[in-house]
Amino acid sequence: MKKRLLSWEGLLLAAFATIFAFNAISLPQFLTIPNQINMFQLSIEKVIVVLVMAFVIINAEIDLSVGSMMGLSACAFGWLFQQGVDPVVAIGLCLLIGVLGGAVNGLFVAWVGLPSLVVTLAALIGFRGLARVLVEDRGITDFPDWFDALGQQGLIGPMTFAMISFFTLLVVAWIILEKSAFGRHTYVIGSNRDVAEFAGINTKRHKLIIFVATGLVSAFAGLLYAARVGAVRGDVANGFELDIITIVLLGGASIFGGSGTLVSTGLAILIVLNLRNGMALHNVTGHIQTGVIGFLLIASVLVPRLDLLRRITKKSKGQE
Amino acid sequence: MKKGILTFSPQVLRILALVVVTALIVLFFASQIENYLNGRLFNRISSSVAVMALIATGQTLIILTRNIDLSVGSIVGFTAFATGSVIANNPDLSPVLLVGYAAILGGTFGVVNGLLVAYARIPSIIVTLATMALFRSALVEYSNAKSVTSQNLPAWLVDFPNQVVFSLGEFQFRAGFMAAILVVLTAHIALTRLRPARQFYAVGSNPEAATMAGIDSRRVILIAFILSGVMAGLAGFMFVARFGNITVVAGLGFELKSIAAAVVGGVSINGGSGTVIGALLGTVLVDLIDNSLVRWPVVSEFWREAVLGAMILIAVAADTIFIRRLAKMRAARAHEAAIAAEGAKT
């Protein structure tokens, strides 16, 4: 098991090194600090949500509504700001929307017992719908300078508030997942929910907490997006769930739950960011970039499967 | 009363419930919107159902086998564009060949999905989330930043969906709608009467049992994806005929609408249960609410998506709770019958 994980991490490392080297050689501007910062900045909201999505997937669930929640939170902020609500209060309310939205998902999944796929698919449509109700077909802009600065200006050196938040959350998420009982329970529930129940773990509460956290962090990421772009529209963060889920699965987490680590998720983040950055600098259009990400998603699930298949055939041959 | 409910099968109950809900919604909006119940409402909904019912039928087949197809919207977009540009370049092409081209093209996309799901054993949600993006970018590449416009299309194609087959007073039954209904009815008869088609239900309700009964579940899942692709291809044909102007965003979001139509129509997301007639009624219901909200002055039309999301959640939750109750009631009745039989013996 450990060997297999190591080999997947090795593969990720090799892939990352290849893409990085290719970018560095073919693009003179790639290795500059502004480009590296820019590379993180452009996807910072997505990679923040990746951290909670890892918990969701290790827990053997899925949350398709994260992109819509980001959009809802950003649009709610825009709308509240337009109504003259104090921006600080508005931020608080948006985070509350994230908690409530996550709680709706969690309650339907854990208590009503519906598959998270359907619940969060409905939420994907519903949250996006609410975002559109709030801003309709307008764009809202002219936020206070300090708010825009949170997303755009370096706080420590060239590091923005969003980037610092990401690295802080990365450490927090790593500690929770690797060093706490909650993290261990996440794995146990993900690999076998019945066993977890018998071991006395409150699986319903656990799942609810994870969905609430996902809603909260997605709402936070949506606010960061609003701050970075300095404007919101109804389609903010549309389709972000594809990139987010791809990164988590590329990081070696099993879609069936129970496995995955934040270290290889971190590697997967670097791969996707470098790939997108390289493609953008080579003038590859957004739709094609999305196609490449889609391809990567299939490959990241297919490649370990092939490896497993080879082992099984080898084993059966050995037995003959 | 309790025993009365049990005499109907869950499928029949679902369809009855849908008809009642649809009727209530029509009555509600009729009381709210002036001049609501007229021929135009029927014509508008039937034209849009003509496209969506095909996709929802394909999606139903997929969901029956415990899978999901998020790529149908992209398949509709690609086939609509490809069909449009083929006929624009070869205006003399026979209609049958054109429909065949759309169906085969859609089916080819379905093969890709089906092989990855059934034979590479990747969960369908992952495969189709990825192919949704892949097929869409294939369309962007193929279209080369051009779009199909209705001026380039032959008249027979543009006129086809609006040709009136027959009309009852104000209600016009148009060719596009009738063709879609014909496909849905064929699918329904096949699924209820033909042995091979029953395999979709078998694989979805209990894969292990299906395998033990000698059903090749991989092949069944592959076929479900191919048929879903074919349906999306046919829908692409209907789409280009109906709208004429096709850009790279054609069919965007159709996957969500088709899933909504299927689950609102009582197709169980856990597989193995549901009917295409239900999905058709679900399509009508979703479209009815869509069309009515636009005309309802009380709320803005931007509520449509939010309402759709809530509808899916309510439909699935209500169905799950209802089916659980029903199973309990059946178990209780079986228990009573067993006790009665025991009593009769002694």
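Residues numbered from 1 in each chain as written. Chains lettered and ligands numbered in written order. Predicted model: local features only at pLDDT ≥ 70, side-chain atom pairs only at ≥ 80, totals over all residues. Heavy atoms only, no water.

1. Regarding the overall build of chain B
- Looking only at helices and strands, chain B features 14 helices and 2 strands.
- By the compact-globule yardstick of 20 Å for 346 residues, chain B fits well, its C-alpha radius of gyration being 22 Å.
- Viewed in the frame of its principal axes, chain B has a C-alpha envelope of about 85 × 55 × 35 Å.
- The burial tally for chain B puts 52% of its 346 residues in the buried class.
- If you take every contact in chain B between residues at least 6 apart in sequence, the share linking residues at least 24 apart comes to 77%.
- For chain B, the exposed surface amounts to about 15600 Å²; the carbon and sulfur share of it is 66%.
- Of note, chain B has its 25 positive side-chain charges centred 9 Å away from the centre of its 16 negative side-chain charges. (Helix = DSSP H or I, 4+ residues; strand = E, 2+ residues; numbered from the N terminus. Rg over C-alpha atoms; globule rule 2.2 N^0.38 Å. Buried < 20%, exposed > 50% of the residue type's maximum accessible area, 1.4 Å probe, protein only. Contact = heavy atoms within 4.5 Å. Areas by Shrake-Rupley, 256 points an atom, 1.4 Å probe, with all protein chains shown as cover. Lys, Arg positive; Asp, Glu negative; His and termini not counted. Charge placed at Lys NZ, Arg CZ, Asp CG, Glu CD.)

2. Here we look at the pairing of strand β1 (residues 164–168) of chain B
All names here are of chain B.
- Pairing of β1 with strand β2 (residues 171–174) involves 4 bridges; the strand directions are antiparallel. What sits directly across from Ser 167, in β2, is Gln 172.
- The antiparallel pairing of β1 with β2 creates a hairpin that spans 2 residues between the two strands, and Gly 169 there sits at a positive phi of about 60°. (Pairing = 2+ DSSP bridges.)

3. Description of the pattern of salt bridges
All names here are of chain A.
- For the structure on display, the rule yields 10 salt bridges over all chains.
- Here Arg 228 makes a salt bridge to Glu 45, at a shortest N to O gap of 2.7 Å. Here Arg 228, found in helix α10 (residues 203–229), pairs with Glu 45, found in helix α2 (residues 33–58); they are 183 residues apart in sequence, far enough to count as distant.
- For Arg 228, a relative accessible area of 17% corresponds to the buried category.
- Look at the salt bridges and you will find they share partners, linking Lys 46, Asp 243 and Arg 276 into a network. (Salt bridge = Lys/Arg side-chain N within 4 Å of Asp/Glu carboxyl O.)

4. Quick notes on the side chain of Thr128(B)
Residue and element names in this part refer to chain B.
- Examined against the element boundaries, Thr 128 turns out to sit in helix α6 (residues 124–143).
- Engagement of the side chain of Thr 128 in a polar contact is seen with the backbone oxygen of Ser 124, the distance being 2.7 Å.
- If we skip the residues at most four places from it in the chain, Thr 128 touches Ile 68, Asp 69, Leu 70, Ser 71, Asn 113 and Phe 225. (Polar contact = N/O pair within 3.5 Å; in protein donor to acceptor, adjacent residues only side chain to side chain.)

5. As for the packing of helix α3 (residues 39–64) of chain B against helix α8 (residues 175–193) of chain B
Residues and elements named next belong to chain B.
- Axis separation between α3 and α8 bottoms out at 8 Å; the angle between their running directions is 25°. In this view, α3 runs roughly parallel relative to α8, as classed from their interaxial angle. Where α3 crosses over α8, the two elements pack in a sense that is left-handed. Across the interface between the two elements, Phe 42, Ser 46, Val 49, Ala 50, Ala 53, Leu 54, Thr 57, Leu 61 and Leu 64 of α3 pack against Gly 176, Phe 177, Ala 180, Val 183, Val 184, Ala 187 and Leu 191 of α8.
- Taken together, the residues of the contact of α3 with α8 break down into 13 nonpolar, 3 polar and no charged. (Axes fitted to C-alpha atoms, helices over the stretch in contact; angles between N-to-C directions. Parallel < 35°, antiparallel > 145°, perpendicular 65-115°, else oblique. Left-handed = near helix turned anticlockwise from the far one by under 90°. Nonpolar A, V, L, I, M, F, W, Y, C, P; charged D, E, K, R; others polar.)

6. Focus: the confidence of the model for chain A
- Residue-level pLDDT values for chain A average 90, and 94% of them are 70 or greater.
- At the low end of the mean pLDDT range in chain A sits helix α13 (residues 286–319) of chain A, at 74; at the high end sits helix α4 (residues 87–110) of chain A, at 97. (pLDDT = per-residue confidence, 0-100.)

7. Topic: the packing of aromatic side chains
- As enumerated under the stated definition, the model contains 28 aromatic pairs over all chains in all.
- Summarising the aromatic geometry, the rings of Phe28(B) and Phe29(B) are spaced 5.2 Å apart at their centres and angled 75° between planes, so their arrangement reads as edge-to-face.
- A residue is classified by how much of its surface remains accessible, and Phe29(B), at 5% relative accessible area, is buried.
- With 5.7 Å between their ring centres and 70° between their planes, Phe239(B) and Phe254(B) make a pair best called edge-to-face. Here Phe254(B) lies in helix α12 (residues 254–264) and Phe239(B) lies in helix α11 (residues 217–243), a separation of 15 residues in the sequence.
- Judged by relative accessible area, Phe239(B) falls into the buried class, the value being 8%.
- Through successive ring pairs, a cluster of aromatic residues spans Phe77(A), Phe81(A), Phe143(A), Trp146(A) and Phe147(A). (Phe/Tyr/Trp six-rings, centres within 6.5 Å; stacked < 30°, edge-to-face > 60°.)

8. Looking at the environment of Asp69(B)
Residues and elements named next belong to chain B.
- Checked against the element boundaries, Asp 69 lands in the loop between α3 and α4 (72–89).
- Assessed through its relative accessible area of 1%, Asp 69 is described here as buried.
- With 44 residues separating them in the primary sequence, Asp 69 and Asn 113 have C-alpha atoms 8.4 Å apart.
- Beyond its immediate sequence surroundings of up to four residues, Asp 69 is in contact with Gln 59, Ile 62, Asn 113, Thr 128, Phe 225, Ser 228 and Glu 255.
- Within the structure, Asp 69 has its side chain in polar contact with the side chain of Ser 71 (distance 2.7 Å).

9. Description of the nonpolar core
- Core analysis: the largest hydrophobic core is formed by 161 residues, its most contacted members being Ile245(A) and Ile126(B).
- Top contributing element to this core by residue count: α2(A), with 16 residues.
- Residues Met52(B), Phe78(B), Val240(B) and Ala241(B) belong to the second largest nonpolar core, which totals 37 residues. (Core = buried A, V, L, I, M, F, W, Y, C linked by side-chain atoms within 4.5 Å.)

10. Examining helix α6 (residues 145–152) of chain A
- Considered for burial, the residues of α6(A) that qualify are Phe147(A), Asp148(A), Ala149(A) and Gly151(A).
- Buried residues belonging to α6(A) abut α2, α3 (66–82), α4, β3 (159–160) and α10 of chain A.

11. What to know about the interface of chain A and chain B
- Contacts between chain A and chain B engage 38 residues on the former and 37 residues on the latter.
- With both chains or domains summed, chain A and chain B bury close to 3300 Å², and 84% of this area falls on carbon and sulfur atoms.
- Area buried by chain A at its contact with chain B is led by Ile125(A), His287(A) and Ile298(A), which between them contribute 18% of it.
- Applying the counting rule to chain A against chain B returns 1 salt bridge. (Buried area = accessible area lost by both parts, 1.4 Å probe.)

12. Description of helix α13 (residues 276–295) of chain B
- Its 20 residues place the ends of α13(B) 29 Å apart at the C-alpha level, agreeing with the 28 Å of an ideal helix rising 1.5 Å per residue.
- Extensive coverage of α13(B) is indicated by the burial of 16 of its 20 residues. (Expected span 1.5 Å × (residues − 1).)

13. What to know about unusual backbone geometry
- Residue Asn283(A) is not a glycine yet carries a positive backbone phi of 60°.
- Counting through the fold element by element, Asn283(A) comes out in the loop between α12 (262–281) and α13.
- You can call Asn283(A) exposed: its relative accessible area is 68%.
- Phi is positive for Asn35(B), which is not a glycine, with a value near 55°.
- Secondary-structure assignment places Asn35(B) in the loop between α2 (10–32) and α3.
- Residue Asn35(B) is classed as exposed on the basis of its relative accessible area of 60%.

14. Thoughts on the packing of helix α7 (residues 161–179) of chain A against helix α8 (residues 181–191) of chain A
Residue and element names in this part refer to chain A.
- Close contact between α7 and α8 brings their axes to 5 Å; oriented N to C, the two are set at 65°. What the angle tells us is that α7 and α8 run roughly perpendicular. Of the residues in α8, those in contact with Ile 176, Leu 177, Glu 178 and Lys 179 of α7 are Ala 181, Phe 182, Gly 183, Arg 184, Thr 186 and Tyr 187.
- In terms of residue class, the contact of α7 with α8 is built from 5 nonpolar, 2 polar and 3 charged.

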